[in-house]
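Secondary and tertiary structure notes
Below are the chains, spelled out letter by letter.
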Amino acid sequence: MSTRSKEKVVAAFRKLFRSSEKLTEQEGGNDGTTNSPSRRLLGRHHHHHRPDAVTPSDGSMPENPGTSHTAHGSCFFKTKKSSSSSQGNMGIPEKGVRLRRLMKELSEIQRTQHRRDATFTAELVNDNLFEWHVRLHKIDPESELAADMRELEIPYILLHVVFPENFPFAPPFMRVISPRIEKGFVMEGGAICMELLTPRGWASAYTVEAVITQFAASIVKGQGRVARKPKTNKEFNRRSAEESFRNLVKTHEKYGWVTPPLAEG
């Protein structure tokens, strides 16, 4: 092969090599390996994402996941509506927590309630785990309320307790069914004026036993008495109690929690 022919062959190989380099660079650009600012930022997001960082797809948990009141034990406090996706993510775990918590507490109460010295006993209403009847057998024996109960041969104070769907993250609703009590922080329909039973005063660590114990102390502190002759003709039922409790919560949210004069109950 002549020298001129060799030079032509070398030039052809060089041209072919340069063309392949350009093609490779173009393909690399299409794959996102260029150094443009947007691609560098995207690459940094993928390679340095922290597992604990919150991204838009994570969603946000509602501050108070309660729902409007129904006859099946839902919380009747008005709360912010969450998105359907949040409800889907939160609904099942919350129901599981409520179920496990109440089963555990009921089991512990039933283990001790057959003793003669039991302060209170509990039973389900129509086999509904989320609705209880609690019988408070013991209060301060030196109180006027205890004296009234002995005189009238009333063996216990009957309480109705309803646990909302988001329990224990929201308080139960509790009211007095019988006897009808005046003062003692017991209001219309048997509603109970106790900060512990409000969203602001509630903590998920509180147990049913703690609530009943606090009520037993509160009703004596407020100088509760058995009502011999009811002063009003209003209905003494759950609806009346819930309405009274809603008004109570609104009042205290506005003015704060201050122990009212004993004359006001």
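Definitions and limits used
- Residues numbered from 1 in each chain as written.
- Predicted model: local features only at pLDDT ≥ 70, side-chain atom pairs only at ≥ 80, totals over all residues.
- Heavy atoms only, no water.
- pLDDT = per-residue confidence, 0-100.
- Helix = DSSP H or I, 4+ residues; strand = E, 2+ residues; numbered from the N terminus.
- Contact = heavy atoms within 4.5 Å.
- Expected span 1.5 Å × (residues − 1).
- Phe/Tyr/Trp six-rings, centres within 6.5 Å; stacked < 30°, edge-to-face > 60°.
- Buried < 20%, exposed > 50% of the residue type's maximum accessible area, 1.4 Å probe, protein only.
- Lys NZ or Arg CZ within 6 Å of the ring centre and 35° of its normal.

With that settled, the discussion passes to the confidence of the model for the chain. Summarising the model, the chain shows a mean pLDDT of 74, and 60% of its residues fall at 70 or more. Mean pLDDT values for the elements of the chain range from 42 in helix α2 (residues 37–47) up to 98 in strand β3 (residues 157–162). The low-confidence segment residues 27–34 (pLDDT under 50) makes five contacts with residues lying over four places distant or belonging to another chain. Considering only residues more than four positions removed or in separate chains, one finds that residues 260–265, a stretch of pLDDT under 50, has nine contacts.

Counted at 1.5 Å a residue, the expected span for helix α6 (residues 238–255) with its 18 residues is 26 Å, and the 26 Å between its end C-alpha atoms agrees. Against the buried residues of α6 lie β2 (128–136), β3 and β4 (173–178). Just downstream of α6, G256 is the residue with a positive phi angle, here 85°.

Counted according to the given criterion, the structure contains five aromatic pairs. For the pair W132 and F163, a centre-to-centre distance of 5.0 Å together with 65° between the ring planes defines the contact as edge-to-face. Here F163 lies in the loop between β3 and β4 and W132 lies in strand β2, a separation of 31 residues in the sequence. Residue F163 is classed as buried on the basis of its relative accessible area, which comes to 0%. When the centroid spacing of 6.0 Å and the interplanar angle of 40° are considered together, the rings of F167 and W202 count as tilted. Taken together, the positions of F167 in the loop between β3 and β4 and W202 in the loop between β5 (181–182) and α5 (208–221) put the pair 35 residues apart, joining distant regions of the chain. Overall, the relative accessible area of 10% leaves W202 in the buried class. What links up through ring pairs into an aromatic cluster is the set W132, F163, F167, W202 and Y206. It is R98 that lies over the ring of F130; its NZ or CZ is 3.5 Å from the centre.

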